[in-house]
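Tertiary structure, described
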Amino acid sequence: MDLKNKVVMITGASSGIGKATAMKLAKEGASVVLCARSEDELNTLKDKIVKNGGKAIVVKTDVTKSADLKEAVSQTIKEYGSVDVLVNNAGLMPLSLIEKLKTDEWEKMVDVNIKGVLNGVAAVLPTMKKNKSGHIINMSSSAAHNYFPGGAVYCATKVAVKMFSEGLRKELAPQYGINITSIEPGAVDTSLFETITDADIKEKLKDMKEMTKLEAEDIANAIFYALNQPTRVNINDVYIMPTEQG
Ligand code: NDP
């Protein structure tokens, strides 16, 4: 897909991977739609993209609300005429051991990491089906491959995203020409770790502070790689680790 004049919706665009992806794809010529709850951050990013000669709009979106995603698609179509790519990236990672029964945090992870992805797909699919083209990128994680302490629920949400992506690909790629990619990174240097409230897990992760992690831009480049292929090529999974992470 040549990204010039393509329309890309990105959830979780207010920081980290989503923000870096918006900047990269806008630089490559895409019109980007910046979705998240933090409107101020999104507007600052939009100004930066526009100042660099790119095209961007902001739609305040809570991915747990299907109506917000539908509204984001309506505004996208109103502004740019269609939607070609969805980067389903919003997520959080409040790790804790199961025995602590932090059920509120379990629910938040299910709501944002899984239901948010489903809501995104439901919102863009009618347009992509009609166009008989499109690309949905879902943000899974290396956590879909490996359990780590405190990660039982988080890992489960990322396994769900990875398997949902495979189901989407099998149902949508041959029939409608819609490509599907699951991105599965190891540790990336973003504010995701700040969503952890559990003191024991924070202590355990102290060692990781020393490790050289991936940069958000590395993941933006991986997303660009998956998108920048001939439409006959579906990159199913991108499993990408920091060299220093075992
Ligand atoms: P950040 O914390 O930097 O970004 C998370 C983004 O998700 C923010 O933009 C936040 O925006 C958004 N978000 C959270 N809740 C909602 C919501 N209800 N509605 C809309 N947006 C929401 O972390 P990352 O950039 O690292 O995380 C992005 C994705 O990458 C996540 O899915 C994460 O699981 C995944 N990932 C990250 C890894 C890492 O090591 N960092 C490794 C593997 C995968 P706002 O608060 O403004 O709504």
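What counts as what
Residues numbered from 1 in each chain as written. Predicted model: local features only at pLDDT ≥ 70, side-chain atom pairs only at ≥ 80, totals over all residues. Heavy atoms only, no water. Phe/Tyr/Trp six-rings, centres within 6.5 Å; stacked < 30°, edge-to-face > 60°. Lys NZ or Arg CZ within 6 Å of the ring centre and 35° of its normal. Buried < 20%, exposed > 50% of the residue type's maximum accessible area, 1.4 Å probe, protein only. Helix = DSSP H or I, 4+ residues; strand = E, 2+ residues; numbered from the N terminus. Pairing = 2+ DSSP bridges. Right-handed = clockwise from strand over helix to strand, strands pointing away. Near = heavy atom within 4 Å. Polar contact = N/O pair within 3.5 Å; in protein donor to acceptor, adjacent residues only side chain to side chain. Areas by Shrake-Rupley, 256 points an atom, 1.4 Å probe, with all protein chains shown as cover. Salt bridge = Lys/Arg side-chain N within 4 Å of Asp/Glu carboxyl O. Axes fitted to C-alpha atoms, helices over the stretch in contact; angles between N-to-C directions. Contact = heavy atoms within 4.5 Å.

Attention now goes to the packing of aromatic side chains. Scanning the model with the defined rule gives one aromatic pair in all. Note on Phe148 and Tyr154: the rings are 6.4 Å apart at their centroids and 50° apart in plane angle, and the pair reads as tilted. Sitting above the plane of the Phe224 ring, Lys24 keeps its charged end 4.6 Å from the centroid.

Next up on the list: the pairing of strand β2 (residues 31–36). Within β2, six of the six residues are buried, which leaves the element mostly enclosed by the surrounding structure. Residues Ser31, Val33 and Cys35 point to one face of β2 and Val32, Leu34 and Ala36 to the other, with burial holding for every one of them. Two elements, strand β1 (residues 7–11) and β2, share five bridges in a ladder whose sense is parallel. Across the sheet, residue Val8 finds its bridge partner in β2, namely Val32. The parallel pair β1 and β2, bridged by helix α1 (residues 16–27), forms a crossover whose chirality is right-handed. Relative to strand β3 (residues 55–60), β2 is paired through six bridges, and the arrangement is parallel. Each residue of the ladder has a partner; that of Val32, found in β3, is Ala56. In this view, the connection linking β2 to its parallel neighbour β3 by way of helix α2 (residues 39–51) has right-handed handedness.

Attention now moves to the site of the ligand. Within the structure, the ligand sits among 30 residues, and Ser15, Arg37, Ser38, Tyr154 and Thr190 are positioned closest to it. The backbone of Gly12 places a nitrogen or oxygen atom 3.0 Å from an oxygen atom of the ligand. The side chain of Arg37 places a nitrogen or oxygen atom 2.7 Å from an oxygen atom of the ligand. For the ligand, the protein covers 94% of the area, taking 880 Å² as the surface of the free molecule. Contributing elements (two or more residues each) for the shell around the ligand: α1 and α5 (152–176).

Tallied over the full model, the rule gives 10 salt bridges. Residue Lys162 pairs with Glu184 through a salt bridge whose shortest N-O separation is 3.3 Å. Pair noted here: Lys162 is in helix α5 and Glu184 is in strand β6 (residues 178–185), with a separation of 22 residues, a long-range link. By relative accessible area, Lys162 is classed as partly exposed at 25%. A salt bridge links Arg169 to Glu166, with the nearest nitrogen and oxygen atoms 3.0 Å apart. On the criterion of helical spacing, the pair formed by Arg169 and Glu166 is a turn pair, its members being three residues apart in helix α5. With relative accessibility at 26%, the residue Glu166 sits in the partly exposed group. Here the salt bridges share partners, and the residues they tie into one network are Lys100, Lys102, Asp198 and Asp200.

The residue Asn5 is not glycine, and still its phi comes out positive at about 65°. Its location among the elements puts Asn5 in the segment before β1. One non-glycine residue with positive phi stands out, namely Leu101, at about 50°. Looking at the secondary structure, you find Leu101 in the loop between β4 (85–88) and α4 (103–131).

We now examine the sheet that holds β2. Ordered by their spatial adjacency, seven strands build an open sheet running β3-β2-β1-β4-β5-β6-β7, and the pairing between neighbours is parallel. Taken across any chain shown, the strands that pair with only one partner, and hence form the sheet edges, are β3 and β7 (237–240). Strand after strand, the sheet turns through a mean of 15° between neighbouring axes, direction not considered. Most of the contacts of α4 go to β4, to which it runs at about 175°, and overall it touches β1, β4, β5 (134–139) and β6. Relative to the sheet, helix α7 (residues 216–227) contacts β4, β5, β6 and β7, its axis offset from that of β5 by approximately 150°.

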